[in-house]
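The primary structure of each chain is shown beneath.
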Amino acid sequence: MTDTENGRAVGQGPDPDWEAVQAGPEFQELRRRLRVFVFPMTAFFLAWYLLYVLVADYAHDFMATPLVGNINVGIVFGLLQFVSTFVITGLYVRYAGSRLDPLADKIRGDIEGEEGK
Amino acid sequence: MSGTLHLAQGLDAINPVLNFSIFGAFVLITLVIVFRASRNTKTAADYYAAGRSFSGPQNGMAIAGDYLSAASFLGIVGAIALNGYDGFLYSIGFLVAWLVALLLVAELMRNTAKFTMGDVLAFRMRQRPIRAAAAVSTLAVSFFYLLAQMAGGGALVNLLLGIRSEVGQNVIIATVGVVMIIYVLIGGMRGTTWVQIIKAGLLIAGAAAMTVWVLALYGFDFSGVLADAVAQEGGKGEALLSPGAQYGINEVSKLNFLSLGIALVLGTAGLPHVLMRFYTVPTAKDARRSVVWAISLIGLFYLFTLVLGYGAGALVGPEEIANAPGGVNSAAPLLALALGGPVLLGFIAAVAFATILAVVAGLTITASASFAHDVYTSVIKKGQSGDDSARSEVRVARITAVVIGAAAVLGGIFAKEQNVAFLVALAFAVAASANLPTILYTLFWKRFNTQGALWSIYGGLVVTITLIVFSPAVSGSETSMIKGMDFAWFPLSNPGLVSIPLAFFLGWLGTVLSKEHNAKKQAEMEVRSLTGAGAEKAASH
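Residues numbered from 1 in each chain as written. Chains lettered and ligands numbered in written order. Predicted model: local features only at pLDDT ≥ 70, side-chain atom pairs only at ≥ 80, totals over all residues.

## A look at the overall build of chain A
Along chain A, the regular secondary structure elements total five helices and two strands. Expressed as a percentage of its 117 residues, the buried residues of chain A come to 26%. Contacts spanning at least 24 positions in sequence make up 60% of the contacts within chain A whose residues lie at least 6 apart. (Helix = DSSP H or I, 4+ residues; strand = E, 2+ residues; numbered from the N terminus. Buried ≥ 20, exposed ≤ 12 C-beta atoms within 10 Å, placed from the backbone. Contact = placed C-beta atoms within 7 Å.)

Written out as structure tokens, the structure is:
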């Protein structure tokens, strides 16, 4: 069994120069790609959720407007929150798989390869 | 009158022997699995993180098992049956919250920490004070949540096993506690995870079967279910279909709902037992996959509860639910009885018990890990490392688990008749106020430091608890915990609206007032959190 309990996976050789990696262009690009996706997306879904909560809280009549049979705006609006959650999840998985993972893997490979020497 | 007549039949149909046997079978099967899993539990990484050997889908199931508590099953179905739309609002907050975990927390935490939230925070800060603070807030959240679960257990025994005597109920609560301690002691995280996976499977399958059944009765016309729920006598009529029946009474209750909504969406990603689940998978990619699975399963489950809630309103009726023992919590079991008779009721009752068991086990292992890993090893033993101390840490974690389990049993017995529903809201509010700001600042803000973290954790914790103590949840109203006294000056039972922004502010203020900044460790943490370099790997047995 491998001993990873004491975090030795990294600490075997001299520590990599983390500040140099952090300042490097590849890491800066990875950081930018992550933030450029997750920050606006978080702002969007929080605002969208807050809008729903506020409408549910203060606009009962609007939510009670019937659409099809007994299905009203409130139920559709609520179900749309489910849909948006599923869609954002899917978008993130795609984005992370194509734009984040390859770059992260490459940087990690460089760091861990360096230590192996 | 016809309602009461029907109710009497409902109570007679509860067959304790049948319910016990189904639940007993669940306990027996899971115990066998836990014993088998325990053979591989040797190191701290095994005990706390199941050797990081679970796959994404498995962990996603376990997250659903950890997250879908008895409160969210019985409580939400009942709330929709009686109050209609307002019950649905809960489930949306509980689900959307997972996006915070997916986008901001899960992968970065998995890459940075070993076992606990304290690991992440302590990475670039002064170890001892920060670990102590992280442990205090972890223990507080776990304890509030645990107490709520165990107190709910008493009512469930009454409802599902037909045990009315005080002593009988206490014996059942104690038995549940003992079984839970056995899971945690013997199986560690691996055993606990399997219990949660099995429970999630049963719960979701049971809810799915009932949902299809309800819809089939109406020719798969959801609108028809709604029409019948509205038409039921003694209910809220048309008001069931739109928000406001519960929270729309006055301006304070509306504000209270807004506050709850914010705490739900921001609290989930700060719940310690949820965070700990991310350490049981081998890589950050698996952590992502597990959140995707969790979102799918939890989302699906909450869609089922929407149908089940209105279905219970339509097929059982609000009067009968409100008058049954267990009140609002009896909606799902009574619906099961109406659909599939005593056998389905027994199955749903057993699943509800399994739910309490699994959630309590998850909380206990989290709290014990936090105490042993953060307080015992890092604060008391001052971080000595080596195999000896790792072994003694696991021993301390096991002892802590027994103590916490015993406290949960006692709490469950004493809080049985109390209205402790506010404890779940409190746990979410503390998680959103004390934990989430600190985690987000640590992961994303370069300048953040020890003083900022201490201010946001302790500040968030103290503000939240103070506001709750002086809120109508504790005194001054008919549904308060302490009746007949009134020292409430804070109008909202849910403090999130005030406590969350305040905790973010305190974290910022504490940081800028301190000069401390460890650029080297910050660089290491950021690189490791984004790339997974040097992250804890799976143990290969």
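After presenting the structure, the write-up continues.
## Things to note about the overall build of chain B
When helices and strands are tallied, chain B shows 20 helices and zero strands. When the backbone C-alpha atoms are referred to their principal axes, chain B occupies close to 75 × 55 × 45 Å. Burial analysis of chain B (541 residues in total) assigns 64% to the buried set. For chain B, contacts bridging at least 24 residues in sequence account for 82% of all contacts bridging at least 6.

## Looking at the confidence of the model for chain A
Atomic detail in the predicted coordinates should be set aside for any region of low pLDDT. Residue and element names in this part refer to chain A. Overall, the predicted model of chain A reaches an average pLDDT of 86, with 85% of residues at or above 70. No element of chain A has a lower mean pLDDT than helix H1 (residues 8-11), which averages 43, and none a higher one than helix H3 (residues 25-58), which averages 96. Low pLDDT (under 50) marks residues 1-12, which in the prediction has 23 contacts with non-local residues, meaning those over four places away or in another chain. (pLDDT = per-residue confidence, 0-100.)

## Overview of the UniProt feature "transmembrane region" (unreviewed entry) in chain A
All names here are of chain A. Here, UniProt's "transmembrane region" (unreviewed entry) annotation points to residues 36-55 and 67-93. With 100% helix and 0% strand, the stretch residues 36-55 has end C-alpha atoms that lie 29 Å from each other. Note that residues 67-93 is 78% helix and 15% strand, and that its end C-alpha atoms are spaced 33 Å apart. (UniProt positions renumbered as here; feature names shortened; annotations may be inferred.)

## Considering the nonpolar core
Residue and element names in this part refer to chain B. Counting residues in each nonpolar core, the largest one holds 231 residues, and the members touching the most others are Ile298, Ala312, Leu335 and Leu357. With 31 residues, helix H15 (residues 331-380) is the single largest residue contributor to this core. With residues up to four places along the chain from it excluded, the contact list for isoleucine 298 reads Ala64, Tyr67, Leu68, Leu95 and Trp98. (Core = buried A, V, L, I, M, F, W, Y, C linked by C-beta atoms within 7 Å.)

## Topic: the interface of chain A and chain B
Listed as interface residues are 50 residues of chain A and, on the opposing side, 53 residues of chain B. With 17 residues, helix H5 (residues 73-116) of chain A is the largest single contributor of residues to the side of chain A that touches chain B. Among the residues making up the side of chain A that touches chain B, the classes are represented as 28 nonpolar, 15 polar and seven charged. (Nonpolar A, V, L, I, M, F, W, Y, C, P; charged D, E, K, R; others polar.)

## Examining unusual backbone geometry
Backbone geometry places arginine 52 of chain B, a non-glycine residue, at a positive phi of 55°. Non-glycine residue phenylalanine 220 of chain B carries a positive phi angle of around 55°.

## What about the packing of helix H13 (residues 284-315) of chain B against H15 of chain B?
All names here are of chain B. Running from N to C, H13 and H15 point in directions that differ by 65°, and their axes come no closer than 9 Å. Our pair here, H13 against H15, has a crossing hand that is left-handed. Across the interface between the two elements, Leu308, Gly311, Ala312 and Leu315 of H13 pack against Ala331, Ala332, Leu334, Leu335 and Ala338 of H15. A breakdown of the residues in the contact of H13 with H15 according to their chemical character gives eight nonpolar, one polar and no charged. (Axes fitted to C-alpha atoms, helices over the stretch in contact; angles between N-to-C directions. Left-handed = near helix turned anticlockwise from the far one by under 90°.)

## Topic: the packing of helix H5 (residues 70-83) of chain B against H13 of chain B
Residue and element names in this part refer to chain B. Closest axis-to-axis distance for the H5/H13 pair is 7 Å, and the angle between their directions is 50°. Taken together, the axes of H5 and H13 lie oblique to each other. Relative to H13, the crossing made by H5 is right-handed. The segment H5 lies against H13, with Ile76, Val77, Ile80 and Ala81 engaging Thr305, Leu306, Leu308, Gly309, Tyr310, Ala312 and Gly313. (Parallel < 35°, antiparallel > 145°, perpendicular 65-115°, else oblique.)

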